[in-house]
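# A closer look at the structure
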Amino acid sequence: LPTHPDRQRHVDRDADHSSGRLGITVGKKVGNAVVRNRIKRWVRECYRRHHQDGVPAAIDLVVIARVGAGTSGFAATCTELRGHWTKLAARGFRR
């Protein structure tokens, strides 16, 4: 499909950029604004606490919250994210 030039987005990164970035997407189907913001806070806090442990450096992570994420709680969310980060590290995305 052809894309409209105004809808294209290009992200340029420095070649020596050594730290990764975190993107969080929580759609309206997940819950109201309070629930969506709570999930984003959980993900950011888990990343802040544990990114040195297993998150590969210089990699961009995108977390997409699904329906039901708001009822899981911080501990369950963090455990699940750390599991995904461990899988990334096992695939060769290491520091």
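In what follows, the structure referred to is the one given above.
Just so you know, the residues in each chain are numbered from 1, in the order the chain's sequence is written. pLDDT decides what is reported in this predicted model: residues at 70 or higher carry local features, side-chain atom pairs at 80 or more are listed and counted, and totals for whole chains, interfaces and linings draw on all residues regardless. The side-chain quantities take in all heavy atoms of the structure and omit both hydrogens and water.

Along the chain, Thr77 turns up in helix α2 (residues 74-90). Here, two residues are considered to be in contact whenever any of their heavy atoms come within 4.5 Å of each other. With residues up to four places along the chain from it excluded, the contact list for Thr77 reads Trp42, Val43, Ala69 and Ser72. Working definition: helices are DSSP H or I runs of at least four residues, strands are E runs of at least two. Numbering for both runs from the N terminus.

A separate point is the environment of Asn32. With respect to the helices and strands, Asn32 occurs in the loop between β1 (21-26) and α1 (33-54). Residue classification places Asn32 among the partly exposed positions, given a relative accessible area of 47%. Under the rule applied, a polar contact is a pair of N or O atoms within 3.5 Å (in protein, one hydrogen donor and one hydrogen acceptor; residues adjacent in sequence only if both atoms are side-chain atoms). There is a polar contact of 3.1 Å between the side chain of Asn32 and the backbone nitrogen of Val35. Relative accessible area decides the class of each residue, using a 1.4 Å probe on protein chains only: under 20% of the type maximum gives buried, over 50% gives exposed, and in between gives partly exposed.

Let us now look at α2. If you check α2, its first and last C-alpha atoms are 24 Å apart, about what 17 residues at 1.5 Å a residue would give, namely 24 Å. Three or more residues of α2 are buried, namely Thr77, Cys78, Leu81, Trp85, Leu88 and Ala89. Down the axis of α2, the buried side of the element spans an arc of 110 degrees, and every buried residue falls inside it. For α2, the exposed residues lying more than 90 degrees away from the buried face are Ala75, Thr79, Glu80, Thr86, Lys87 and Ala90. One or two positions beyond α2, positive phi appears at Gly92, with a value near 110 degrees. Every helix has an expected span of 1.5 Å times one less than the residues it contains. Here the arc refers to the set of directions running from the helix axis out to each C-beta atom.

Quick look at the nonpolar core now. Grouped together as the largest cluster of nonpolar side chains are 17 residues, with contacts concentrated most on Ile39, Leu61, Leu81 and Trp85. Of all the secondary-structure elements, those providing two or more residues to this core are α1, β2 (60-65) and α2. By residue number, the principal contributor to this core is α1, which donates five residues. Beyond its immediate stretch of four places on either side in the chain, Leu61 contacts Arg21, Leu22, Gly23, Tyr47, Val55, Trp85 and Leu88. Put simply, buried Ala, Val, Leu, Ile, Met, Phe, Trp, Tyr and Cys residues joined by side-chain atoms within 4.5 Å make one nonpolar core.

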